[in-house]
Amino acid sequence: MALLESQTLRRSVLDRTDVLDRVKALSLLPDGMHVTTAMVAAYFGVTVEALRALVHDHRAELEASGYRVLTGTELSDFKQLSGIQSRTRSLALFSRRAVLNVAMLLRDSEVARQVRVYLLDMEYLARTQPVENPAPADTTSLDDRIDQRITHILGKTVVPMFNALIETSGEHRRELIALRAGVQRIEKRLRHHHARLQRLEAPREDRPLAGVMASMDAMNGREFEEHVAELLRRDGCTNVIVQGGGRDRGIDITALTAGGRRLVVQCKRFAPHLSITSPEVQKFIGAAKVLHDSEVSLFVATCPFTRDALNIAAESGITAVHRGLLEEWSAGTALTVLE
């Protein structure tokens, strides 16, 4: 609703056009940059008339995002460059930014709603997660270089100069000694300050790895199953087998815990805006308990679980590894149920 109501908020996220392809593949014209009205309508699953009505109501905003109507010579040149075969006297074109803008305005489109949810999820992660591509460890900031340079000058130049003056001066010896002591205190404080900054900025073992969920969101189903299998091996599980395929009988991975208990895993790599529902958990319970007689059962998903799904899982002895718990597990925190 925030995106639907606030043009300022819509404008602030228009550069995140990558979310369009994350929800659904967006076909482009041969120029690789634009989309026609019919193509946009097909992407969002709405009628061309509905899209034209939306453009009529928000034309100025969409034009600012890259929407334009070609006519005359400009249209002829575009047809020649793009290879479009059409006798129309005008052609409305949407840039990717304009398509994203449409997604933030369409109320009666499930695809548009998914784009909005995914967009806000990505913006939230960008604000709350560590930078995915931190600067190399050996890169020294300008402030650090200045501190180090001052410390070097004080220790290697100023203090020796005072030492020489003290040795040759009799009348001002006491004042020079006091000044030298002050310089040495400054040098010492700078060294402590620099060491403290290094401790604060150094990687900590209790911090989640940056970008861990982004990498899983980019995996396909099989890659995600292999990733979970590797986490099980890391935590001491043995006989880890990735089942996969259509004959897995509702189970993606089987294994033995470090203590020898039978373990089964269901893996679901869903978009973050989706949720695991109670019917999916109930189906897994049947496969885990009845078909495989498991002692430990994990339902691992890259998305949240509904409240009912969590309640059913807890009542049935199923460990629901939701998106947040999966992030912690992938970052190094062992699952308690595997201990």
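The rules behind the values
- Residues numbered from 1 in each chain as written.
- Predicted model: local features only at pLDDT ≥ 70, side-chain atom pairs only at ≥ 80, totals over all residues.
- Heavy atoms only, no water.
- Helix = DSSP H or I, 4+ residues; strand = E, 2+ residues; numbered from the N terminus.
- Pairing = 2+ DSSP bridges.
- Axes fitted to C-alpha atoms, helices over the stretch in contact; angles between N-to-C directions.
- Contact = heavy atoms within 4.5 Å.
- Parallel < 35°, antiparallel > 145°, perpendicular 65-115°, else oblique.
- Nonpolar A, V, L, I, M, F, W, Y, C, P; charged D, E, K, R; others polar.
- Core = buried A, V, L, I, M, F, W, Y, C linked by side-chain atoms within 4.5 Å.
- Buried < 20%, exposed > 50% of the residue type's maximum accessible area, 1.4 Å probe, protein only.

*Asks:* Any chance you could break down unusual backbone geometry for me, citing the residues and the numbers?
*Replies:* The residue asparagine 239 is not glycine, and still its phi comes out positive at about 50°. Residue placement: asparagine 239 occurs in strand 4 (residues 238–242). Of note in this structure, aspartate 293 is not a glycine but carries a positive phi near 50°. One can find aspartate 293 in the loop between helix 14 (278–291) and strand 7 (296–301).

*Asks:* So, the sheet that holds strand 6 (residues 262–268): which residues are in play, and what are the values?
*Replies:* Remark on secondary structure: sheet strands pair via backbone hydrogen bonds, oriented parallel or antiparallel. Ordered by their spatial adjacency, five strands build an open sheet running 4-5-6-7-8, and the pairing between neighbours is mixed. Looking at which strands have only one partner, the edges of the open sheet turn out to be strand 4 and strand 8 (318–321). The mean inter-strand angle of the sheet, taken between neighbouring strand axes irrespective of direction, is 15°. Relative to strand 5 (residues 253–256), strand 4 runs antiparallel, the two being bridged by three bridges. Each bridged residue has a counterpart across the sheet, and for valine 242 the counterpart in strand 5 is isoleucine 253. With respect to the sheet, helix 14 is in contact with strand 6, strand 7 and strand 8, its orientation differing from that of strand 7 by roughly 145°.

*Asks:* Account for the pairing of strand 5, naming residues and giving values.
*Replies:* As judged from the four bridges shared by strand 5 and strand 6, these two strands associate in the antiparallel manner. For alanine 255, the partnering residue across the bridge sits in strand 6 and is leucine 263. Hairpin connection from strand 5 to strand 6: five residues lie between these consecutive antiparallel strands, with glycine 260 at a positive phi of about 90°.

*Asks:* Run through the packing of helix 4 (residues 37–44) against helix 5 (residues 48–57), naming residues and quoting values.
*Replies:* Direction vectors running N to C along helix 4 and helix 5 enclose 110°, while the axes themselves pass 9 Å from each other. With respect to helix 5, the element helix 4 is oriented roughly perpendicular. Two secondary-structure elements touch here, helix 4 through Thr37, Ala38, Val40 and Ala41 and helix 5 through Val48, Leu51 and Arg52. Grouping the amino acids of the contact of helix 4 with helix 5 by side-chain chemistry returns five nonpolar, one polar and one charged.

*Asks:* Give me the nonpolar core: which residues, what numbers.
*Replies:* Judged by nonpolar contacts, the single largest core of 32 residues is most densely connected at Val40, Tyr43, Phe44, Phe94, Val99, Val102 and Val115. Elements with a minimum of two residues in this core: helix 3 (18–23), helix 4, helix 5, strand 3 (90–95), helix 8 (96–103) and helix 9 (110–128). Setting aside residues up to four positions removed in sequence, valine 115 forms contacts with Val19, Leu20, Val23, Tyr43, Leu100 and Ala103.

*Asks:* Explain the environment of leucine 51 to me, and be specific about the residues and the numbers.
*Replies:* For leucine 51, the location among the structural elements is in helix 5. Classification of leucine 51 as buried rests on a relative accessible area of 0%. For the pair formed by leucine 51 and alanine 41, sequence separation is ten residues and the distance between their alpha carbons is 6.4 Å. In this structure leucine 51 touches Thr37, Val40, Ala41, Phe94 and Val102, once residues within four positions along its chain are discounted.

*Asks:* I'd like a description of the sheet that holds strand 2 (residues 68–71), backed by residues and values.
*Replies:* Strand order in the open sheet formed by three strands is 1-3-2, with antiparallel pairing between adjacent strands. Since the sheet does not close on itself, it has two edges, and those belong to strand 1 (34–36) and strand 2, each with one partner. This sheet shows a mean twist of 40° between the axes of neighbouring strands, independent of strand direction. Lying over the sheet, helix 4 contacts strand 1 and strand 3, oriented at roughly 85° with respect to strand 1.

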